[in-house]
Amino acid sequence: MTHNGPSSRIPGDRFLHSPGPTHIPAEVLSAMHRQPMDHGDPRLDDIIANCEAGLRRLLRTAQAEVFLYIANGHGAWEATTENLLAPGAAALLPSTGHFSEQWARQLEATGRRAIRTTYRPGYPIDASEVEEVLRADTRHEIAAVFAVHTDTASGITHDLAAMRAAIDAAKHPALLVADVVASLGAAPFAMDELGVNVAVGASQKGLMSPPGLGFIAVDARAAQVANRNTAPRHYWDWNRRRGTQSYQKFCGTPPQNLLFGIEAALALIEREGLEAVWARHALLARAVQAAVERWSSEGALQLHCRVREARSTSVTTIEVREGIDVEALRTVARERFQVAFAGGLGPFQGRAFRIGHLGDLNAAMILGCLGGVEAALAVQGIAFGRDGVARAVACLAEGSSLRARSSRDQRTAADVRS
Ligand SMILES: Cc1ncc(COP(=O)(O)O)c(C=O)c1O
């Protein structure tokens, strides 16, 4: 929920359901509401160390180094490219949609080669095509597979384990680089277990913090590749950012207040427990998708992801029938009902809208969002199955009973053991 500005004061909060930036918890906002420190203050070093260690735990890696950047996700992408790929070098980008395409274009704009797989709208990528392309690359010109875990435009989560298996089956030395910008803290991810060499993220989604911090976790093999890379670089250079001084780690002044917030956000995730955070996201996503399935029964709307298991726990993309004005729907929802959701991106512009359901959210917030969307659909005269919210309520009620039962069972099992 966001507060409205003084000129448009209405009672209560506006519900923010974009898939990033997301709602910022009060604990994070108040942690940021502090004066900065001088560069030499050891307390600042401690906060940076806490952020790095917390990110390592969130990424489930025991061994990767973490580099922090004053940058958004695009900046973190570029840092990855500059460190891993020499000009003219190639990466394979499984075509997940808008975000793999934007990443590919960034590679090409900086003089690298981007190889794409077939784009299959509505479906997760086919890892066998990744294997095929890598097998055909007998000279090992492809230095890395740059894979988007959750493509925020399509609302589809892709199978990183299958991509790692494809690289291994092809006996190819390419690194696996995962964009977890939209999935981290919302969907299960374990860098070491998955054999991901580099993970790329940003602050404004599952991390429940303002935009402005990009981060990259790098394993030893990727660090070696970077050391051999002769591409000229300075600000992005991982080697220049190693060291103990905060000024060196950030290649300049660290974004202190953002770091105060991220430290607090990581502590909140740890207090809830990462598995519980993933389970909460899965349940809220199921509720949203149950509502959308019901709304879709009148034929004007449709879930974009055709494969249930691949539906994202962060964001749901809803296609609309031709003639429906998505921007008008968003405006009505935001201005009359205080629910802000996202429009379609790239090829989906004007053809879809997206409900973000990641970060600091609970069942009541999701129901408020769905109610606001339903009200806006009604105002716009769009045909929809009327009991979408009721479906979401049923889903949440069932899911919360299961969760309560399983935590009671766990407590009982623990009592028996003790
Ligand atoms: C999967 C994914 N990767 C990269 C980006 C780019 O991040 P940013 O907008 O912070 O530059 C986004 C943004 O939404 C994203 O969803």
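A few points on the structure. (Residues numbered from 1 in each chain as written. Predicted model: local features only at pLDDT ≥ 70, side-chain atom pairs only at ≥ 80, totals over all residues. Heavy atoms only, no water.)

Let's shift gears to the overall build of the protein chain. For the protein chain, the helix and strand inventory stands at 14 helices and 14 strands. A principal-axis box enclosing the C-alpha atoms of the protein chain has dimensions of 60 × 60 × 50 Å. Going through the 418 residues of the protein chain one by one, you find that 56% of them count as buried. When the accessible surface of the protein chain is totalled, it reaches about 17500 Å², and 52% of it is carbon and sulfur. The average position of the 44 basic charges and that of the 44 acidic charges among the side chains of the protein chain differ by 2 Å. (Helix = DSSP H or I, 4+ residues; strand = E, 2+ residues; numbered from the N terminus. Buried < 20%, exposed > 50% of the residue type's maximum accessible area, 1.4 Å probe, protein only. Areas by Shrake-Rupley, 256 points an atom, 1.4 Å probe, with all protein chains shown as cover. Lys, Arg positive; Asp, Glu negative; His and termini not counted. Charge placed at Lys NZ, Arg CZ, Asp CG, Glu CD.)

What follows is about the packing of helix α11 (residues 274-295) against helix α13 (residues 363-379). At a minimum axis separation of 10 Å, α11 and α13 run at an interaxial angle of 20°. Accordingly, the angle class assigned to the pair α11 and α13 is roughly parallel. Every pair of crossing elements has a handedness; the one defined by α11 and α13 is right-handed. Along its contact with α11, which presents Leu284, Ala287, Val288, Ala291 and Trp295, the element α13 presents Ala363, Ile366, Leu370, Val373, Glu374 and Leu377. Residues belonging to the contact of α11 with α13 are distributed by class as follows: ten nonpolar, no polar and one charged. (Axes fitted to C-alpha atoms, helices over the stretch in contact; angles between N-to-C directions. Parallel < 35°, antiparallel > 145°, perpendicular 65-115°, else oblique. Left-handed = near helix turned anticlockwise from the far one by under 90°. Contact = heavy atoms within 4.5 Å. Nonpolar A, V, L, I, M, F, W, Y, C, P; charged D, E, K, R; others polar.)

A separate point is unusual backbone geometry. Here the residue pair Gly20 and Pro21 is connected by a cis peptide bond, since its omega of 0° sits within 30 degrees of zero. On the secondary structure map, Pro21 appears in the loop between β1 (15-17) and α1 (26-32). In this model, Gln338 sits at a positive phi of 60°, which is unusual for a non-glycine residue. Tracing the sequence through the fold places Gln338 in the loop between α12 (326-337) and β13 (339-343).

Here we come to the site of the ligand. Taken together, the residues surrounding the ligand are Asn72, Gly73, His74, Trp77, Phe99, Val148, Thr150, Thr152, Asp179, Val181, Gln204 and Lys205. One of the backbone nitrogen or oxygen atoms of Gly73 is found 2.8 Å away from an oxygen atom of the ligand. For the ligand, an oxygen atom lies 2.3 Å from a polar atom in the side chain of Thr152. Broken down by class, the residue content of the shell around the ligand amounts to four nonpolar, six polar and two charged. (Near = heavy atom within 4 Å. Polar contact = N/O pair within 3.5 Å; in protein donor to acceptor, adjacent residues only side chain to side chain.)

The next point concerns the packing of aromatic side chains. For the structure on display, the rule yields eight aromatic pairs. Measuring from ring centre to ring centre gives 5.5 Å for Tyr69 and Trp236, while their planes differ by 50°; the resulting arrangement is tilted. Of this pair, Tyr69 sits in strand β2 (residues 65-70) while Trp236 sits in the loop between α8 (220-228) and α9 (246-249), and the two are 167 residues apart along the sequence. A single burial state applies to Tyr69 and to Trp236, both of which are buried. Three or more aromatic residues joined by ring pairs form one cluster here, namely Trp77, Phe99, Trp103 and Phe146. Over the ring of Phe260 we find Arg34; its NZ or CZ atom is 4.1 Å from the centre of that ring. (Phe/Tyr/Trp six-rings, centres within 6.5 Å; stacked < 30°, edge-to-face > 60°. Lys NZ or Arg CZ within 6 Å of the ring centre and 35° of its normal.)

So, about the sheet that holds strand β3 (residues 90-93). Within a beta sheet, neighbouring strands are joined by backbone hydrogen bonds and run either parallel or antiparallel to one another. Pairing is mixed in the open sheet, where seven strands are placed in the order β2-β10-β9-β8-β5-β3-β4. Since the sheet does not close on itself, it has two edges, and those belong to β2 and β4 (113-116), each with one partner. Pairs of neighbouring strands in the sheet enclose a mean axial angle of 20°, with direction left out of account. Pairing between β2 and strand β10 (residues 213-218): six bridges, direction antiparallel. Looking at the pairing, Val66 lines up with Ala217 of β10. Contacts from helix α6 (residues 160-169) reach β5 (142-148) and β8 (175-179), with the element oriented near 165° to β8. (Pairing = 2+ DSSP bridges.)

Ranked by size, the top nonpolar core spans 55 residues in total, and within it Leu68, Leu134 and Phe189 carry the most contacts. Tallying contributions element by element places helix α10 (residues 256-272) first for this core, with nine residues. In contact with Leu134, not counting residues within four places along its chain, are Leu92, Ile142, Val145, Ala166, Ile167, Ala170, His172 and Ala174. Formed by 35 residues, the second largest nonpolar core is a distinct cluster that contains Val292, Trp295, Leu361 and Leu370. (Core = buried A, V, L, I, M, F, W, Y, C linked by side-chain atoms within 4.5 Å.)

Look at α13: 24 Å from first C-alpha to last across 17 residues, which is about the 24 Å you get at 1.5 Å a residue. The complete set of buried residues in α13 reads Met365, Ile366, Cys369, Leu370, Gly372, Val373, Glu374, Ala376 and Leu377. Capping of α13 at its N-terminal end is provided by Asn362; its side-chain oxygen lies 3.1 Å from the backbone amide nitrogen of Ala364. Of the residues flanking the end of α13, it is Gly381, one or two places downstream, whose phi is positive at about 70°. (Expected span 1.5 Å × (residues − 1).)

Note that Asp179 resides in strand β8. Summary of buried charges: Asp179 has no salt-bridge partner, and the nearest side chain of opposite charge, Lys205, is 8.3 Å away. In this view, Asp179 contacts Trp77, Trp103, Ala147, Val148, His149, Thr150 and Val200; residues no more than four positions away in its chain are not counted. (Salt bridge = Lys/Arg side-chain N within 4 Å of Asp/Glu carboxyl O.)

Purely geometric numbers; function is a separate question.
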